[in-house]
Amino acid sequence: MSTPTISPLPVKERKKVSIRSFQFKKRRSEPITMLTAYDYATASAIDQAGIDSILVGDSLGMVVLGYENTLPVTMSDMLHHCKAVARGAKTPLLIGDMPFMSYQVSVEEAVRNAGRFLQEAGMDAIKLEGGRERVDAIRAIVAAGIPVMGHLGLTPQSIHQLGGFRAQGKTVAAAQRLLEDAKLLEEAGCFAVVLEAIPPRLAQQISAELRIPTIGIGAGVGCDGQVLVTHDLLGLFDRFTPKFVKKYANLHAAMIAAFEGYREDVLARSFPAEEHTNPMKDETWDQINA
Ligand code: KIV
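Residues numbered from 1 in each chain as written. Predicted model: local features only at pLDDT ≥ 70, side-chain atom pairs only at ≥ 80, totals over all residues. Heavy atoms only, no water.

Undergrad: Sorry, what's going on with helix H1 (residues 19–27) here?
TA: Along an α-helix, residues three or four apart share an orientation, since each turn contains 3.6 residues. Turning to H1, its buried residues number three or more, namely Phe-22, Lys-25 and Lys-26. End-on view of H1: buried residues confined to an arc of 100°, all on one side of the axis. Pointing more than 90 degrees away from the buried face of H1 are the exposed residues Arg-20 and Arg-27. Immediately beyond the C-terminal end of H1, within one or two residues, lies Ser-29, with a positive phi of roughly 55°. (Buried < 20%, exposed > 50% of the residue type's maximum accessible area, 1.4 Å probe, protein only. Helix = DSSP H or I, 4+ residues; strand = E, 2+ residues; numbered from the N terminus. Arc of directions from axis to C-beta.)

This is the structure:
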């Protein structure tokens with residue numbers, strides 16, 4: 001097992017991460033790091049922190065657009081935010097998440113929509129949810145030259161079928177089905193697969209049996225990499241926090257404190273101060289008032 005670099009090199013000295021880098025890391029047992037982003041500033045900060053990959057997730061719908069779930073997110077929402085992320089991040093592998101109904105109707109539509117993420121929005125790869133029922137679409141997208149990341153376990157676009165945001169793979173039949181699905185995704189040509197909210201020992205076994213890397217979220221440390229929704233990690237999304245999230249900051253509270261400070265300064269007329277203004281020369285002022 002190799003020791004990963006802890007301090008990231010400056011962006012200019014780092015090589016662009018590719019799907020081959022993912023395979024290389026799996027072979028060397030080096031954990032793959034991934035976070036979500038939906039805008040330029042966050043993507044740029046994630047790049048500077050040396051994270052391997054950015055997923056422009058359809059979690060956009062919940063943490064940025066304020067929907068109850070991810071189902072209302074459209075292709076045009078996704079492409080708009082993917083473009084902003086691509087402008088902000090140069091090194092990470094950029095993965096665009098295909099929204100609900102952009103790949104389920106027909107294989108042809110799936111390929112066409114997948115292509116838009118690369119052709120119009122600067123992404124390097126796409127992600128889609130589902131197991132055996134998605135194999136035809138995955139094969140066709142991969143055949144078009146587009147790298148595909150799979151997503152198994154808790155697949156939020158199926159919450160109505162799953163009965164809510166709940167952990168998956170807890171019975172013998174469900175666990176066996178997940179393992180089979182993971183192998184089918186690998187055979188269909190996925191370069192990686194997200195495992196969401198499944199028991200750690202199952203995720204570890206899937207990771208051991210697949211040649212492609214697994215990226216876990218709520219699936220324990222035995223996966224080949226980890227992903228979190230950045231708004232959860234930063235404590236920016238205050239509606240609920242899944243059990244599997246570790247909060248590295250509380251930016252929601254920091255934002256409220258900053259906004260309160262601004263409000264108080266404006267009410268007290270202590271902002272803007274002189275240093276926040278552009279003065280005019282006395283002679284110009286005198287001429288105006290002559
Ligand atoms: O949409 C998203 O952010 C995701 C991750 C949680 C894997 O699918």
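Alright, that's what it looks like, and here's the rest.
Undergrad: Sorry, what's going on with the sheet that holds strand S3 (residues 93–97) here?
TA: Strand pairing in a sheet relies on backbone hydrogen bonds. The paired strands run either parallel or antiparallel. Read once around its circumference, the closed barrel built from eight strands follows the order S1-S2-S3-S4-S5-S6-S7-S8, with strand pairing classed as parallel. The mean angle between the axes of side-by-side strands here comes to 25°, regardless of whether they run parallel or antiparallel. Note: strand S5 (residues 148–153) against strand S6 (residues 192–196), five bridges, orientation parallel. Across the sheet, Leu-152 pairs through a bridge with Leu-195, a residue of S6. (Pairing = 2+ DSSP bridges. Axes fitted to C-alpha atoms, helices over the stretch in contact; angles between N-to-C directions.)

Undergrad: Explain the site of the ligand here, please?
TA: What surrounds the ligand is the set Thr-36, Leu-55, Gly-57, Asp-58, Ser-59, Asp-97, Lys-127, His-151, Val-194, Glu-196, Ile-217 and Val-229. Between the ligand and Asp-58 there is a distance of 3.0 Å, counted from an oxygen atom to a side-chain nitrogen or oxygen. Alone, the ligand offers 250 Å² of accessible surface; in the complex the protein occludes 96% of this. (Near = heavy atom within 4 Å. Polar contact = N/O pair within 3.5 Å; in protein donor to acceptor, adjacent residues only side chain to side chain. Areas by Shrake-Rupley, 256 points an atom, 1.4 Å probe, with all protein chains shown as cover.)

Undergrad: Explain the packing of helix H5 (residues 107–119) against helix H6 (residues 135–143) here, please?
TA: To describe two helices that pack against each other, one gives the angle between their axes and the distance between the axes. The N-to-C vectors of H5 and H6 enclose an angle of 45°; their axes lie 9 Å apart at closest approach. Here H5 is positioned oblique relative to H6, judged by the angle of their axes. Judged by the twist between their axes, the crossing of H5 over H6 is right-handed. Counted together, Val-107, Ala-110, Val-111 and Ala-114 of H5 and Asp-136, Ala-137, Ala-140 and Ile-141 of H6 form the full contact between these two elements. (Parallel < 35°, antiparallel > 145°, perpendicular 65-115°, else oblique. Left-handed = near helix turned anticlockwise from the far one by under 90°. Contact = heavy atoms within 4.5 Å.)

Undergrad: Help me understand H6, please; the structure alone is not making it clear to me.
TA: Every buried residue of H6 is listed here: Val-135, Ala-137, Ile-138 and Ile-141. The buried residues of H6 occupy an angular sector of 160° when the element is viewed end-on, so they sit on one face. Those residues of H6 that are exposed and angled more than 90 degrees off the buried face are Asp-136 and Ala-143. Looking one or two places after H6, you find Gly-145, whose phi comes out positive at around 90°.

Undergrad: Could you clarify how one ought to interpret unusual backbone geometry in this entry?
TA: For residues besides glycine, phi is generally negative; the peptide bonds are generally trans as well. Cis geometry marks the peptide bond from Phe-271 to Pro-272, where omega comes out at 0°. Relative to the assigned elements, Pro-272 resides in the loop between helix H11 (251–267) and helix H12 (282–288). For Ser-29, which is not glycine, the phi dihedral falls at a positive 55°. Tracing the backbone shows Ser-29 in the loop between H1 and strand S1 (32–36). We note that Met-101 has phi near 75°; this positive angle belongs to a residue other than glycine. With respect to the helices, strands and loops of the structure, Met-101 is situated in the loop between S3 and H5. Exposure remark for Met-101: the relative accessible area of 41% places this residue in the partly exposed category.

Undergrad: Teacher, can you tell me more about the environment of Thr-74 here?
TA: Here Thr-74 shows up in the loop between helix H3 (60–63) and helix H4 (75–88). A relative accessible area of 35% means that Thr-74 is categorised as partly exposed.

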